[in-house]
There are 2 protein chains.
Amino acid sequence: LRIPSLTSLSSAAAAASVPLRQFPLQVNLPHAVRRFSAVNFSAQSNTVEKEVNSPATEDGSSRAKFQQDKDPVITPRSQDFNAWYLDVIANAELADYGPVRGTMVIRPYGYAIWEAIQEYLNKKFKETGHSNVYFPQFIPYSFIEKEASHVEGFSPELALVTIGGGKELEEKLVVRPTSETIVNHMFTQWIHSYRDLPLMINQWVNVTRWEMRTKPFVRTLEFLWQEGHTAHATQDEAEKEALQMIDMYTKFAFEQAAIPVIPGRKSKVETFAGASKTYTIEAMMGDRKALQAGTSHNLGQNFSRAFETQFTDENGQRQHVWQTSWAISTRFVGGIIMTHGDDAGLMLPPNLAPIQVIIVPIWKKEDERVGVLAAASTVKATLQAAGIKVKVDDSEQRTPGWKFNFWEMKGVPLRIEIGPRDVSNKSVVVSRRDVPGKQGKVFGISMESSVVVDYVKTKLAEVQSSLLKAAVSFRDSNIVDVSSYEELKQAIGEGKWARGPWSASDEEEARVKEETGATIRCFPFEQPEGTKKKCLMTGNPADEVAVFAKSY
Amino acid sequence: LRIPSLTSLSSAAAAASVPLRQFPLQVNLPHAVRRFSAVNFSAQSNTVEKEVNSPATEDGSSRAKFQQDKDPVITPRSQDFNAWYLDVIANAELADYGPVRGTMVIRPYGYAIWEAIQEYLNKKFKETGHSNVYFPQFIPYSFIEKEASHVEGFSPELALVTIGGGKELEEKLVVRPTSETIVNHMFTQWIHSYRDLPLMINQWVNVTRWEMRTKPFVRTLEFLWQEGHTAHATQDEAEKEALQMIDMYTKFAFEQAAIPVIPGRKSKVETFAGASKTYTIEAMMGDRKALQAGTSHNLGQNFSRAFETQFTDENGQRQHVWQTSWAISTRFVGGIIMTHGDDAGLMLPPNLAPIQVIIVPIWKKEDERVGVLAAASTVKATLQAAGIKVKVDDSEQRTPGWKFNFWEMKGVPLRIEIGPRDVSNKSVVVSRRDVPGKQGKVFGISMESSVVVDYVKTKLAEVQSSLLKAAVSFRDSNIVDVSSYEELKQAIGEGKWARGPWSASDEEEARVKEETGATIRCFPFEQPEGTKKKCLMTGNPADEVAVFAKSY
């Protein structure tokens, strides 16, 4: 019953055939049908990929046979992080390539993670007074040009509609890369007096940025996000809103995604095109690269001055509004994969897992089958009634061992096994995804509703906090406090993050990037206590420490 | 306290200044600030509209003053249905013009109606085994050309991206008008054997069709919808799925939107480009024009043959899958407006209303204020705890009478008034939106939680069923059974729908359209019982009756 892990077998096979990235469709891995190819995804031409995910030589019927035999094969994470990431996405069926270079199809299992993110944030947005809306995605090109730094930031990556209804358009239309410009165009019509403020809206939409180097979830030509836009009467209020939203993202990351992000302020160089200040949450991925996982911008009056978004204040004076915008995108799904996953595949935090508990019924003889399946179905109903997301894998084509590996690879936090002996004992076996082998396995949990529901809820909470704890510990052991550029270079050279006092110029910031590949991820809100600090680069007084890292 | 309705006053004013459509910004209606202009919305050039919704001559401060003084003014529905429709959308703040011709910004109140539609349908889709996904919106132009009738149907109204990242693209990209082609491209990679079937997915997305004649919600250049796509092993299964989904839409329309749609099958001429059969729900609007409010297509093997979407059946044979697709869009919001609205404005079915109950506190003297507001807030909390969507309008800038008219115009199903005497009596006054004047008003409903919650729930249910009943009665009194072309012409000429036996040719169907402006809306599922019928056009035997009407 407790067969050796297929993953460990196949890891060995994969280990014998590095480097995977360069041979996405290699034939010496007979079971590796679905392998994402970084090369194909990032190819810079705009060609339609012809079924890149299936060997081109197969005919229909052999492909079907092939599919039947397919087993999940994941490149070990330690061996090749990028190949591992693409393998997980393909095998866990999170996403697939779209036909256009750099685009992505989000499959049911991946989309369900996004829905869990949406469900949590959407509720929080509404609780804090934001309403959902929809703005058109086509923006007149002239709008983008109105805010100087905005056009500079976005014009290289625009997709343009030039033909509509068979005719060349008089003015090119930009496919929304973000909506500050069109939002301000409408705000000028909706905002008249101080009584119309604050105006706080949000939309869940697709956006397009013509990125050259793409990677599923992390950076795609089109992605999904929410973008919040607010207008306020005072600078203070806008600042408070921008901070409130980055705090909300931080809480979400910690409590729901179990990702211990570092919230802080971006350097001037890294600030959003058109913002006065950008706040960010920075997450450390399993390869120790940083991922910007969410941002909140205090836009000041930059857009309101460009678009003349004004209101009459209580003294009858016309004033420009103060604005914010803030966003989290499908990139966050990539962050979850790269924070918690391991060699066996995906590992999902229970609070965002589409399936929290997978039940695997186990039988050998036909006369055991009915009893085992009935028990599985009862336990499922019990857990479901308690609000737990649970599924029974009762397919007859697969062995229990295959199923164990498959659902581990899919990152399901808990597995419940029910065999004939469990049925007689009226008990189940519960295994944790995050604790491998026997250590994570507990026998003899009563099927009794009052017992099993509590037990499962407790275990889900344990997995949730254990994932966060592991991620915090990994993060903290990979941040080095530095006081000189030499130390910074060494830390970055070792693949770690460097944290040190910084008050140097934009030019010196650029030099760090050029020489080390690292950028200032943020000036963290949480600053070390203590006396005066000296800039690691110049030795001049520095008010704050900055965190440096290579990033996605 | 019970002031005369502002609406009746302003209706009189509006009646003196017809025709409104040609003077969207007319100055003899001092309060009509926000008036949608059909002309501007449908203008065929691709110009950016410069604040079409505000008089161009105003400067900032006078506009603000203007705004303060604005009162809702709705053209009477009986006088000019289209002007009434645009007035309702503008004044109830459902939507606004986007800067690009034919596009629409969906504002919070309008979007909340769409969210209520989504919430209901999304749950039903999942209960019937469909999973949400996201497909890229950019589709290679070559895909659209693969299915012959599909390209013929869609190519005139495509928006094309030709420039990306500053470079001319090798292949033009279509901005998704619908996703059958790209869905099939992916299905070929996901479907291998009969065990992969049925495959049932759905997505909530934006779509673009370069329409020449647009109208907010009803027909816009970009709109929001859900599109379901399924693949099945047999023709039977696909047919069952297509019928299941049109049944779901029908139930939704009746029970949630209180719209008594007529479900049926489209004629061959009116069938979706690429489908074998199209099922539809047809709704009668307040001006007796038909609105196609949702469709479900049995696609047969048309797309699977064009894209080679095949599976291996249980006998090892390769077969093309059988498919369906089905959609409901933001157009449905237009259908709700045009079914239930009246001269006073919007009238929303309680099941989809963003605000089901508006509480208007009423006081004259300052010492009454605190008690009245406290009571309003208690009643609000009581109703909210019972799951009722309730809002208190406690703004001090407006009179109670103004608020009554405003929330009537916004279509809120129930109003609760609380004045000083009500506070002493511990009771409230409840008014129904759908029953005007004193008849719809009941005094002395106890504030006691057990009483007021039940009373409000009962009244909401009454409004819901009363809206449906009124719509059914309106529909049935405007459908005429005809047995000859003469009778059909007469019925259509009177603005009604004609229902009669039909077995004539496509050419004769085209002739009806040309001569009367009416089309076959559907062959209703519900057919009259009785003996053999004769085609109203040819006198030949006819198996079915068809419904003819002018439509949006």
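Residues numbered from 1 in each chain as written. Chains lettered and ligands numbered in written order. Predicted model: local features only at pLDDT ≥ 70, side-chain atom pairs only at ≥ 80, totals over all residues. Heavy atoms only, no water.

(A) Seen up close, the overall build of chain A. The helix and strand tally for chain A stands at 17 helices and 25 strands. With 552 residues in all, chain A has 61% of them scored as buried. In chain A, 71% of the contacts between residues at least 6 apart in sequence involve partners at least 24 apart. With an accessible surface of roughly 21,500 Å², chain A has 50% of that area assigned to carbon and sulfur atoms. (Helix = DSSP H or I, 4+ residues; strand = E, 2+ residues; numbered from the N terminus. Buried < 20%, exposed > 50% of the residue type's maximum accessible area, 1.4 Å probe, protein only. Contact = heavy atoms within 4.5 Å. Areas by Shrake-Rupley, 256 points an atom, 1.4 Å probe, with all protein chains shown as cover.)

(B) Quick look at the pattern of salt bridges. Residues and elements named next belong to chain A. As enumerated under the stated definition, the model contains 50 salt bridges over all chains in all. Among the salt bridges present, the one from arginine 511 reaches glutamate 515, with a minimum N-O distance of 3.1 Å. Remark: glutamate 515 and arginine 511 occur in helix 17 (residues 506-516); sequence separation between them is 4 residues, near one turn of the helix. Classification of arginine 511 as partly exposed rests on a relative accessible area of 36%. (Salt bridge = Lys/Arg side-chain N within 4 Å of Asp/Glu carboxyl O.)

(C) Up close: the interface of chain A and chain B. Between chain A and chain B, the contact holds 75 residues from the first and 75 residues from the second. Both sides together, the interface formed by chain A and chain B hides about 6,300 Å², and carbon and sulfur atoms give 59% of it. Contact with chain B buries surface across chain A, with A:Tyr134, A:Phe138 and A:His192 losing the most and accounting together for 10% of the total. Taken together, the connections running from chain A to chain B amount to 2 salt bridges. Between B:Glu115 and A:Lys126 there is a salt bridge whose closest N-O contact spans 3.0 Å. If you look at where chain A meets chain B, you find 24 residue pairs in polar contact (both at pLDDT 80 or more). Each residue belonging to the side of chain A that touches chain B can be placed in one class, and the counts come to 33 nonpolar, 26 polar and 16 charged. As paired elements, strand 5 (residues 159-164) of chain A and strand 5 (residues 159-164) of chain B share 5 bridges and run antiparallel to each other. Bridged to A:Ala159 within strand 5 of chain B is B:Gly164. (Buried area = accessible area lost by both parts, 1.4 Å probe. Polar contact = N/O pair within 3.5 Å; in protein donor to acceptor, adjacent residues only side chain to side chain. Nonpolar A, V, L, I, M, F, W, Y, C, P; charged D, E, K, R; others polar. Pairing = 2+ DSSP bridges.)

(D) Quick look at helix 8 (residues 180-190) of chain B. In terms of burial, helix 8 of chain B is largely enclosed, as 11 of its 11 residues are buried. Listed as buried for helix 8 of chain B are B:Glu180, B:Thr181, B:Ile182, B:Val183, B:Asn184, B:His185, B:Met186, B:Phe187, B:Thr188, B:Gln189 and B:Trp190.

(E) The relation of the copies chain A and chain B, seen in detail. When chain A is fitted to chain B, the best match, at an RMSD of 0.0 Å, comes from turning it 180° and sliding it 0.0 Å along the axis. With respect to symmetry, the two chain copies, as superposed, fit the operation of a two-fold axis. Of every C-alpha in chain A, the one belonging to A:Val161 sits nearest the axis of rotation, 2.1 Å from it. The fraction of interface residues of chain A whose copies in chain B are also interface residues reaches 100%, indicating that both copies meet through the same surface. (Least-squares fit on C-alpha atoms with pLDDT ≥ 70 in both.)

(F) Fine view of the packing of aromatic side chains. For the structure on display, the rule yields 31 aromatic pairs over all chains. Ring geometry for B:Phe81 versus B:Trp84: centroids 5.2 Å apart, planes at 40°, classification tilted. Taken together, the residues span about one helical turn, with B:Phe81 and B:Trp84 both in helix 4 (residues 81-91) at a distance of 3 residues. Taking relative accessible area as the criterion, B:Trp84 reaches 0% and is therefore assigned buried. Here a set of aromatic residues connected by ring pairs shows up, and it is made of A:Trp114, A:Phe125, A:Trp204 and A:Trp326. Just above the ring of B:Phe143 sits the side chain of B:Lys146; from NZ or CZ to the centre is 5.6 Å. A cation over an aromatic ring shows up here: B:Arg398 above the ring of B:Trp402, its NZ or CZ 4.1 Å from the ring centre. (Phe/Tyr/Trp six-rings, centres within 6.5 Å; stacked < 30°, edge-to-face > 60°. Lys NZ or Arg CZ within 6 Å of the ring centre and 35° of its normal.)

(G) Focus on the sheet that holds strand 8 (residues 222-232) of chain A. All names here are of chain A. Pairing is mixed across the open sheet formed by 11 strands, whose spatial order is 3-7-8-14-11-10-9-22-25-21-20. Single-partner strands in this sheet number two, and they are strand 3 (131-132) and strand 20 (479-481). As judged from the 4 bridges shared by strand 21 (residues 497-501) and strand 25 (residues 545-549), these two strands associate in the antiparallel manner. Considered in strand 25, the bridge of glycine 500 is made with alanine 546. The strands that helix 5 (residues 108-127) touches are strand 3, strand 7 (199-208), strand 8 and strand 14 (322-329); relative to strand 7, the one it contacts most, it runs at about 165°. (Axes fitted to C-alpha atoms, helices over the stretch in contact; angles between N-to-C directions.)

(H) Just the confidence of the model for chain A, in detail. All names here are of chain A. Across chain A, pLDDT averages 89, with 87% of residues at or above 70. Scored below 50 in pLDDT, residues 1-34 makes 62 contacts in the model with residues more than four places away or belonging to other chains. Throughout residues 42-69 the model reports pLDDT below 50, and contacts reaching past four residues in sequence, or to other chains, amount to 58 contacts. Confidence metrics for the complex model read pTM 0.89 and ipTM 0.89. (pLDDT = per-residue confidence, 0-100.)

(I) View of the domain arrangement of chain A. Here the domain parsing of chain A yields domain 1 (104-340), domain 2 (357-457) and domain 3 (479-550). Distance from the C-alpha centre of domain 1 of chain A to the C-alpha centre of domain 2 of chain A: 42 Å. (Domains from an automatic or database assignment.)

(J) The UniProt feature "domain: Aminoacyl-transfer RNA synthetases class-II family profile" (unreviewed entry) in chain A, seen in detail. Per the UniProt record, "domain: Aminoacyl-transfer RNA synthetases class-II family profile" (unreviewed entry) is found at residues 101-349 of chain A. Secondary structure content for residues 101-349 of chain A is 32% helix and 33% strand, and the end C-alpha separation is 31 Å. (UniProt positions renumbered as here; feature names shortened; annotations may be inferred.)

(K) Region of interest: the pairing of strand 6 (residues 167-175) of chain A. Residues and elements named next belong to chain A. Relative to strand 6, strand 4 (residues 138-140) runs antiparallel, the two sharing 3 bridges. Bridge assignment links phenylalanine 138 to a residue of strand 6, and that residue is valine 175. One ladder, built from 4 bridges, connects strand 5 with strand 6; its direction is antiparallel. Its bridge partner lying in strand 6, isoleucine 163 is registered against glutamate 168.

(L) Quick peek at the side chain of A:His192. Residues and elements named next belong to chain A. Within the secondary structure layout, histidine 192 lies in the loop between helix 8 (180-190) and strand 7. A relative accessible area of 3% places histidine 192 in the buried class. Within polar-contact distance, the side chain of histidine 192 engages the backbone oxygen of glutamine 189 at 2.9 Å.

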